[in-house]
Amino acid sequence: MNSNNPFFKNKTFTNTSAAAEVHETTVIDRNETMTVSGTINKSFLMLILLIASAAITWTMTFNGQPPMIFIFGGAIVGFILVLVATFRPQSSGYLAPGYAIFEGLFIGGLSAIFETMYPGIVIQAVSCTFVTFMVCFGLYKYEIVKVTERFKSVVIASTLAIATYYLISWLLSMFTSFQPVHHGNSMFSIGISAFVIVIAALNLFLDFDQIEKGVQQKMPKYMEWYGAMGLMITLVWLYIEFLRLLSKLNRK
């Protein structure tokens, strides 16, 4: 079983025998294979690109420009880049930075809207996301939390359940008068958001594990971009869920 992150389901990560066969004939030195440090560096570069891109939409929104075109455009293009990279991981060196830029447009516009409604919420959501990431990374690094097959199965099943619920709720609200329970600020709705945040955080452990396995299997160098892109997807999801939870608490 693999991380529910669509990137880490790619056969490039899972087909270990094929990877070994390829690298026995093509790898010359360590500089040609995936490393943890290389993946971390590329993750930081993607984060910088995302923040810079988000700052553009943020500034334009507070200067009176409507952000919806950037929100929808960034989300759609970002999703397309994710799909392309899933089937063509060897192009991740170009697709990953592009994803960070377009996702930044989406995040920047969305954050500006939330900040207008609830001043101070963005810095709170960023802080919560950063602290959660560091805690999960520390727990994984020092093997306090170990990614077992049972752990993977529980997290993957929960993530799929959340995705299915979100999809069904969105479709029903589009074509009927159905109001999803997670849209309100009831205690039940807050509980749902808290649960989703926990599952998103647990996905970080699966992402760390898959990156480490990619390094152990001596995957090609471009898989550093691929791994960084997958990790960024989880972090964006986690940040958005913190925004939603904090907005509900503010309405309370």
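Residues numbered from 1 in each chain as written. Predicted model: local features only at pLDDT ≥ 70, side-chain atom pairs only at ≥ 80, totals over all residues. Heavy atoms only, no water.

Thoughts on the nonpolar core
Definition in use: Residues belong to one nonpolar core when they are buried, are Ala, Val, Leu, Ile, Met, Phe, Trp, Tyr or Cys, and are joined through side-chain atoms within 4.5 Å. Three exposure classes are used, based on accessible area relative to the maximum for each residue type with a 1.4 Å probe and protein chains only: buried under 20%, partly exposed in between, and exposed over 50%. Secondary structure is summarised from DSSP: a helix means a run of H or I of at least four residues, a strand means a run of E of at least two, and numbering begins at the N terminus for each. In this analysis, two residues are considered to be in contact whenever any of their non-hydrogen atoms come within 4.5 Å of each other.
Membership of the largest hydrophobic core comes to 48 residues, with the highest contact counts inside it found for Met46, Tyr99, Leu204 and Met229. Looking at this core, the elements with two or more residues in it are α3 (36-62), α4 (68-87), α5 (92-117), α6 (121-141), α7 (149-175), α8 (187-216) and α9 (223-251). Broken down by element, the residue count for this core peaks at 15 residues, all from α9. The contacts of Leu204, once residues within four sequence positions are left out, are Phe133, Cys136, Leu231, Thr234, Leu235 and Leu238. In terms of nonpolar packing, the next biggest core, distinct from the first, is built from five residues, Met34, Ile211, Met219 and Met223 among them.

A short note on α3
Going by this rule: Take the residue count of a helix, subtract one, and multiply by 1.5 Å to get its expected span.
Taking 1.5 Å per residue, 27 residues should reach 39 Å; α3 reaches 39 Å between its end C-alpha atoms and fits that length. Regarding α3, the residues found buried are Gly38, Thr39, Lys42, Ser43, Met46, Leu50, Ser53, Ala54, Thr57 and Thr61. For α3, the secondary structure elements touched by its buried residues are α4, α5, α8 and α9.

Regarding the environment of Thr234
Using the following cut-off: A 3.5 Å cut-off defines polar contacts: any pair of N or O atoms within that distance qualifies, except that in protein one atom must be a possible hydrogen donor and the other a possible acceptor, and neighbouring residues in sequence count only when both atoms are side-chain atoms.
For Thr234, the location among the structural elements is in helix α9. Counting along the chain gives 33 residues from Thr234 to Ala201, while the straight-line C-alpha distance between them is 8.1 Å. In terms of polar contacts, Thr234 uses its side chain to reach the side chain of Asp207, at 2.5 Å.

Notes on the packing of α6 against α9
The following threshold applies: Think of each axis as a best-fit line through the C-alpha atoms, taken over the contacting stretch in the case of a helix, with angles from 0 to 180 degrees between the N-to-C directions. By definition in this entry, angles of less than 35 degrees are roughly parallel, angles greater than 145 are roughly antiparallel, angles of 65 to 115 are roughly perpendicular, and the rest are oblique. Handedness of each helix crossing follows the sense of rotation of the near helix against the far helix: counterclockwise by less than a right angle gives left-handed, clockwise gives right-handed. Classification used: nonpolar for Ala, Val, Leu, Ile, Met, Phe, Trp, Tyr, Cys and Pro, charged for Asp, Glu, Lys and Arg, polar for all others including Gly.
Between α6 and α9, the least distance of the axes is 9 Å, while the angle of their chain directions is 130°. Between α6 and α9, the interaxial angle falls into the category oblique. As α6 runs across α9, the sense of the crossing is right-handed. Counted together, Ile121, Val122, Gln124, Ala125, Val126, Cys128, Thr129, Thr132 and Phe133 of α6 and Leu231, Leu235, Leu238, Tyr239, Phe242, Leu243, Leu246, Ser247 and Asn250 of α9 form the full contact between these two elements. Of the residues that constitute the contact of α6 with α9, the class distribution is 13 nonpolar, five polar and no charged.

Topic: the pattern of salt bridges
Heads up, the condition is: A pair is scored as a salt bridge if a Lys or Arg side-chain nitrogen falls within 4 Å of a carboxyl oxygen belonging to Asp or Glu.
Scanning all chains against the criterion turns up six salt bridges. Lys152 serves as the salt-bridge partner of Glu149, at 3.6 Å between the closest nitrogen and oxygen. With Glu149 and Lys152 both in helix α7 and three residues apart, the pair spans about one turn of that helix. Of the charged contacts in the structure, one is a salt bridge between Glu241 and Arg244, with a shortest N-O distance of 3.9 Å. Taken together, the residues Glu241 and Arg244, both in helix α9 and three residues apart, mark about one turn of the helix. Arg244 carries the same exposure label as Glu241, and that label is buried. Connected through shared salt-bridge partners, Glu149, Lys152, Asp209 and Lys213 make up one network.

Topic: the packing of aromatic side chains
Under the convention used in this document: Pairing of aromatic rings covers Phe, Tyr and Trp, the last counted by its six-membered ring, and requires centre-to-centre distances within 6.5 Å; plane angles under 30 degrees mean stacked, over 60 mean edge-to-face, and any other angle means tilted.
As enumerated under the stated definition, the model contains seven aromatic pairs in all. Measuring from centroid to centroid gives 5.7 Å for Phe133 and Phe208, while their planes differ by 70°, and the two rings are edge-to-face. One end of the pair, Phe133, is in helix α6; the other, Phe208, is in helix α8, and 75 residues separate them in sequence. Of the two residues examined, Phe133 and Phe208, each falls in the buried class. Each ring, one from Phe151 and one from Phe205, has its centre 6.0 Å from the other, and the planes form 90°; the classification is edge-to-face. Separated by 54 residues along the polypeptide, Phe151 in helix α7 and Phe205 in helix α8 bring together distant segments of the chain. Among the residues examined, Phe151 registers a relative accessible area of 18% and is labelled buried. These aromatic residues form a ring-pair network of at least three members: Phe133, Phe137, Tyr140 and Phe208.

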